[in-house]
Amino acid sequence: MDVRGTVAAGFEPVRDAFLRNFEQRGERGAAVAVYRDGVKVVDLWAGTRDVDGETPWAVDTAQVVRSATKGVAAAVPLLLHQRGQLDLDAPVGTSWPEFKAAGKDRVSVRQLLAHQAGVPVLDRPLTLAEAVDLETATGAVAAQAPVWEPGTAHGYHAHTFSWLLSGLVHRVTGRTIGRWVAEEIARPLGLDLWIGLPSGEAHRVGRLGPVEEIEPPGSGALKLRPKRSVTEAYRDPESLTRRAFGAIDPKPDENDPVYRAAELPGSAGVSTARALARFYASTLGPVDGGVRLFAPATLTLARTEESAGPDRVLMVGTRFALGHMLHGPASPLLGPTSFGHPGRGGSLGFADPESGIAFGYVTNGMRKTVTADPRAQALVRSVRSVL
């Protein structure tokens, strides 16, 4: 396997772990990048651009990163709060009056971001055409009655997070969330990252697809066999789990240009590993001596626990800040101060304030994992080993 890119002195174990993912874990095409204290120390890529193709992964290859998009999108309300444009403790309905329907009039912005709003499902799933239409999709989630009393529990809003955040940001700023990210985050930082892929960039994006579940003996990876309750929840069409992940029906083809062009901040972002890592580096401090996204108080918000414990959708214990997942057994990051977000099946991005590390990993090979992919975890362990 021809691994290309650069590794700073001392970070060679990351390259070794990246190579082993291809040799031992069925990786087909992937990239990983790491920043430390705002300086890039790892930037590697290998394999094929398409999971089922032969064209080599290039320096600028990007992929759909699924729910790793949520971590980028979560920065938007935090930055709006930082600029004095959004009160985190105000009811969502203050900015978005239609959201008050069906008993949601007291749901706060804070609860919405912490997956406590109680609307992880829709009574009627949306078609792809409906899901990508801002007015239709936000109207559906605004009209939805909560399935638990908001604020009393939390559960992963797998797809509805897209429309909740889109509706809020559009009404606060007058811009779509994809446009806001492009103008206020991606452009200043020089990121190859999009929520709503422009047609002119489509040639850079590889095809996703399933890969074989392989885990070498003695690898030290997490034991991924789910509990019976988790397995049953994914099988039961009436469970919150199945309904949350089935909020778009039929299941969309993530290689469809329509899906990739959609501004779905919960699932359809497109990014390079380099861009994910650089984004998270900018939340910690200046990147390459330049742009810094988060003020110290905002960084504290990004890493402060808002909800924790049994997740009514994922059926495991999860921890959330204001849109970001936090380090824990179900979603291991680098350490206790880490915040970020995995993408179901592989991709991962996070920041760790204690070590100054920012991490990005993208892949075209989708596994069945939801929050703790073995390939990403092997890379995280390799970073931890050099600190």
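What comes next is a walk through the structure. Note that the coordinates shown come from a computational prediction; the quantities given were computed from them, not determined experimentally.

### Comments concerning the pairing of strand S9 (residues 317–320)
Every second residue of S9 is oriented toward a common face, the buried set being Thr318 and Phe320 and the non-buried set Gly317 and Arg319. Here four bridges tie strand S8 (residues 307–310) to S9, and the two strands are oriented antiparallel to one another. Bridge pairing in S9 links Pro310 to Gly317. Connecting S8 to the antiparallel partner S9 that follows it, the hairpin turn spans six residues, and Met315 within it adopts a positive phi of roughly 65°.

### Comments concerning helix H14 (residues 296–303)
Since the α-helix turns once every 3.6 residues, residues separated by three or four places project in the same direction. Taken residue by residue, H14 has Thr298, Leu299, Leu301 and Ala302 as its buried positions. Across the axial projection of H14, the buried residues extend over an arc of 155°, all falling on one side. In H14, the exposed positions angled more than 90 degrees off the buried face are occupied by Pro296 and Ala297. Where H14 is buried, its residues contact helix H3 (75–82), helix H13 (273–284), strand S10 (325–326) and strand S11 (339–342).

### Here's the deal with the pattern of salt bridges
For side chains of opposite charge, pairing can occur when their charged atoms come near one another. The tally for this structure, following the rule as stated, stands at 21 salt bridges. Between Arg375 and Glu27 there is a salt bridge whose closest N-O contact spans 2.9 Å. Of this pair, Arg375 sits in helix H15 (residues 374–386) while Glu27 sits in the loop between helix H1 (12–24) and strand S2 (29–36); the two residues are 348 residues apart in sequence, bridging distant segments of the chain. Judged by relative accessible area, which is 0%, Arg375 ranks as buried. Given the relative accessible area of 5%, Glu27 is considered buried. In this structure, a network of salt bridges that share partners links the residues Arg83, Arg175, Arg179, Glu183 and Glu184.

### Some remarks on the packing of aromatic side chains
Evaluated as defined, the whole model comprises eight aromatic pairs. Aromatic side chains Trp96 and Phe99 sit 5.2 Å apart centroid to centroid with 35° between the ring planes, which places their arrangement in the tilted category. Both residues of the pair, Trp96 and Phe99, count as buried. Here the aromatic rings of Tyr280 and Phe339 are separated by 6.2 Å at their centres, their planes lie at 65°, and the arrangement is edge-to-face. Separated by 59 residues along the polypeptide, Tyr280 in helix H13 and Phe339 in strand S11 bring together distant segments of the chain. According to the relative accessible area criterion, Phe339 is buried, its value standing at 0%. An aromatic cluster is defined as three or more aromatic residues linked by ring pairs; in this entry it consists of Tyr156, Tyr234, Phe245 and Phe320. If you follow Lys104 out to its NZ or CZ, it ends over the ring of Phe99, 4.8 Å from the centre. We note Arg344 situated over the ring of Phe245; from NZ or CZ to the ring centre the distance is 4.4 Å.

### Brief notes about the sheet that holds strand S4 (residues 63–64)
Spatial ordering of the open sheet is given by S4-S7-S5, a layout of three strands whose pairing is antiparallel. Taken across any chain shown, the strands that pair with only one partner, and hence form the sheet edges, are S4 and strand S5 (193–194). Sheet analysis places S4 next to strand S7 (residues 270–271), joined by two bridges and oriented antiparallel. The partner of Val64 across the bridge, within S7, is Val270.

Basis of the calculations
Residues numbered from 1 in each chain as written. Predicted model: local features only at pLDDT ≥ 70, side-chain atom pairs only at ≥ 80, totals over all residues. Heavy atoms only, no water. Buried < 20%, exposed > 50% of the residue type's maximum accessible area, 1.4 Å probe, protein only. Helix = DSSP H or I, 4+ residues; strand = E, 2+ residues; numbered from the N terminus. Pairing = 2+ DSSP bridges. Arc of directions from axis to C-beta. Contact = heavy atoms within 4.5 Å. Salt bridge = Lys/Arg side-chain N within 4 Å of Asp/Glu carboxyl O. Phe/Tyr/Trp six-rings, centres within 6.5 Å; stacked < 30°, edge-to-face > 60°. Lys NZ or Arg CZ within 6 Å of the ring centre and 35° of its normal.

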